[in-house]
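Descriptive analysis of the structure
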Amino acid sequence: MRCNPENQAKFNVAVVGATGAVGEELFRVMEAYDFPINNLVPLASARSAGEKIEFAGKEHTVLELAETVFEENEVDIAFFSAGGSISEKFAKYAVEGGAVVIDNTSHFRMDPNVPLVVPEVNPEDIALWKETGIIANPNCSTIQMVLSLKPLDELYGIKRVDVSTYQAVSGAGKAGMEELVKQMQDMLTFKLDDSKIEAFAHQIVNNVIPQIDVKQPNYFTKEEMKMVNETQKILHKNIAVAATCVRVPVLRSHSESITVTFEDGIDVDVAEVREALEKFENVEVIDDLENSAYPMPIISTDTDTTFVGRIRKDIYDENVVHFFNVADQVRVGAATNSVRIALKWIEMENDI
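1. Digging into the state of the cysteines
- In the structure shown here, the tally under the stated rule is zero disulfides.
- No disulfide involves Cys140; its nearest neighbouring cysteine sulfur is the one of Cys245, lying 8.9 Å away.

Quick look at the structure:
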């Protein structure tokens, strides 16, 4: 790795997709975490090149993404958040230029040679990065779910997970957020019949859409199958997972209703479940139904915490527990997890 010779703890960091929603959040998270940056290299398409972004009180010019830009700027860490096709084309040039790539798209996630990492859950997998030079960031819905599954699997052993998601429009990027806001405005001015439907297949205001991404041959959607396959890869366990992913008219933070079936013979103790979740890193339990206290998007938005509540044992099967899970998917499910991967990578490389 190439570090600032005057301070070996600092790194040259590139952000591909610097002007997108996740790219912008990456800058906020890196600043909040006091990320050890020597030189920041914001990268975007030719259309956005020349724009200015502010980071840590300094103004930086967005450069055009090109094959040679990583080597020219001696990039050590490259965050990719500009879509799978961009990662497919340019990640190799970042690796060839000497950088470790932390990819926030779906392109590399299921590559058997690329580690898929949630640092609190499977940090040991980061060590596999040298195989390809790439570490994949999981799907946002998967990240917040496995953060609550890991301590429960360690407690009892998970056999099956059934999950329904309530996914915010920001999961579809800036266009999704803008479409919801515009439709809200049109609804309030009685112009909804003329409102454009572009980011989603249907009107999103006053509606929920039980489809995210395209249909697969098994009639699950691509988003749902991501949760199945990624959960198994991260936990290194062939857990049965069934997901139903739904888009809801919320600007930010995904919610999930999760049912966990433990191994046969387990008699769930809710107090033990709650304690396991409370002790797990970056998970917080809010669970006081009498006082209407439970996880909600307005609580989780702009935080780096996965919130869990509504914890209850099934009334029919003693080895089943239900709970509700909420996290800011732009942060926990994207930018924050990427930064945590990078910080863990730095820690592991320094230990070598």
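2. Regarding the nonpolar core
- Within the largest apolar cluster, 59 residues are counted, with the highest numbers of intra-cluster contacts made by Phe70, Ala78, Phe80, Leu149, Val161, Val260 and Phe262.
- Top contributing element to this core by residue count: helix H4 (residues 140-155), with six residues.
- Setting aside residues no more than four positions away along its own chain, Ala78 makes contact with Ala14, Phe70, Ala94, Ala99, Val100, Val101 and Ile102.
- Within the second largest apolar cluster, 29 residues are counted, among which are Ile37, Phe55, Ile77 and Phe79.

3. With respect to the packing of aromatic side chains
- Going through the model one piece at a time under the given rule, you end up with eight aromatic pairs.
- Relative to Phe262, the ring of Tyr156 has its centre 5.0 Å away and its plane inclined at 75°; by these criteria the two rings are edge-to-face. Placement of the pair is Tyr156 in the loop between H4 and strand S10 (158-167) and Phe262 in strand S12 (residues 254-262), with a sequence separation of 106 residues. The pair Tyr156 / Phe262 is uniform in exposure class, with both members buried.
- Taken together, the ring pairs in this structure connect Phe11, Trp129 and Trp345 into an aromatic cluster.
- Over the face of the ring belonging to Tyr219 we find Lys215, whose NZ or CZ atom lies 4.5 Å from the ring centre.

4. With respect to the side chain of Asn319
- Locating Asn319 in the fold gives a position in the loop between strand S14 (306-313) and strand S15 (320-327).
- For Asn319, a relative accessible area of 12% corresponds to the buried category.
- With sequence-adjacent residues up to four places away left out, Asn319 is seen in contact with Val260, Thr261, Phe262, Glu263, Asp264, Ile266 and Val268.

5. Focus: the environment of Thr336
- Tracing the sequence through the fold places Thr336 in helix H9 (residues 331-351).
- Taking C-alpha positions, Thr336 is 6.2 Å from Val29, a pair spaced 307 residues apart along the chain.
- Excluding residues that lie within four positions of it along the chain, Thr336 makes contacts with Val29, Tyr33, Asp304 and Arg331.

6. Considering the packing of H4 against helix H6 (residues 222-235)
- Orientation of H4 relative to H6, taken along the N-to-C sense of each, is 40°, at an axis distance of 10 Å. As judged from the angle between their axes, H4 and H6 are oblique. Crossing of H4 over H6 shows right-handed handedness. When H4 is examined against H6, the residues Ser141, Thr142, Met145, Val146, Leu149 and Lys150 are found in contact with a partner set consisting of Glu223, Lys226, Met227, Glu230, Thr231, Ile234 and Leu235.
- Taken together, the residues that form the contact of H4 with H6 break down as six nonpolar, three polar and four charged.

7. Observations concerning a negative patch on the surface
- Taken together, the side chains of Glu71, Glu72, Glu74 and Glu96 make up a negatively charged region of the molecular surface.
- Looking at the element boundaries, Glu72 is found in helix H2 (residues 69-72).
- We classify Glu72 as exposed; its relative accessible area is 59%.

8. Observations concerning the sheet that holds S15
- Here we have six strands laid out as an open sheet, ordered S11-S10-S12-S15-S14-S13, and mixed in their pairing. Where the open sheet ends on each side, the last strands, each with one partner, are strand S11 (240-247) and strand S13 (283-285). Looking at each pair of strands side by side, their axes are set apart by 20° on average, direction ignored.
- When S12 meets S15, the two strands line up antiparallel, connected through eight bridges. Among the inter-strand pairings, His254 is bridged to a residue of S15, identified as Ala327.
- Relative to S12, H4 is tilted by about 35°, and along the sheet it contacts S10, S11, S12, S13, S14 and S15.

Rules used throughout
The residue numbers shown here count from 1 along each chain, following its written sequence. With pLDDT at 70 or above as the cut-off, local features in this predicted model cover only qualifying residues; side-chain atom pairs require 80 or more to be listed or tallied, and sums for whole chains, interfaces and linings still use all residues. Side-chain descriptors were evaluated using all non-hydrogen atoms of the structure, hydrogens and water having been removed beforehand. Only a pair of cysteine sulfur atoms within 2.5 Å qualifies as a disulfide here. What makes a nonpolar core is a set of buried Ala, Val, Leu, Ile, Met, Phe, Trp, Tyr and Cys residues whose side-chain atoms join them at distances within 4.5 Å. Exposure is judged per residue with a 1.4 Å probe applied to protein chains only, and the accessible area is read against the type maximum: over 50% gives exposed, under 20% gives buried, and values in between give partly exposed. The helix count covers DSSP runs of H or I at least four residues long, the strand count covers runs of E at least two residues long, and both are numbered beginning at the N terminus. When checking whether two residues touch, look at their non-hydrogen atoms; a contact exists if any pair is within 4.5 Å. The pairing test for Phe, Tyr and Trp rings, Trp by its six-membered ring, is centres within 6.5 Å, and the orientation test on the planes gives stacked under 30 degrees, edge-to-face over 60, and tilted for anything in between. Two conditions define a charge located above a ring, namely a distance within 6 Å from the ring centre to NZ of Lys or CZ of Arg, and an angle within 35 degrees of the ring normal. The axes used here are C-alpha line fits, helices contributing only the stretch in contact, and every angle between their N-to-C directions lies in the interval 0 to 180 degrees. The labels follow the angle: roughly parallel below 35 degrees, roughly antiparallel above 145, roughly perpendicular from 65 to 115, and oblique for the rest. A crossing counts as left-handed when the near helix is turned anticlockwise from the far one by less than a right angle, and as right-handed when that turn is clockwise. All amino acids are sorted into three groups, where Ala, Val, Leu, Ile, Met, Phe, Trp, Tyr, Cys and Pro are nonpolar, Asp, Glu, Lys and Arg are charged, and the leftover types, Gly among them, are polar. Each patch is built from salt-bridge-free residues with over 30% relative accessible area, joining like charges within 9 Å and nonpolar side chains (Val, Leu, Ile, Met, Phe, Trp, Tyr) within 5 Å. Exposure was quantified through the Shrake-Rupley algorithm and a 1.4 Å probe, taking into account, for residues, occlusion by the shown protein chains and nothing else. The term salt bridge refers to a pairing of a side-chain nitrogen on Lys or Arg with a carboxyl oxygen on Asp or Glu at a separation within 4 Å. Under the counting rule used here, the positive set is Lys and Arg, the negative set is Asp and Glu, and His together with the chain ends is not counted. Here the site of a charge means atom NZ of a Lys, CZ of an Arg, CG of an Asp or CD of a Glu. One bridge is not enough; two strands pair if DSSP finds at least two bridges between them.

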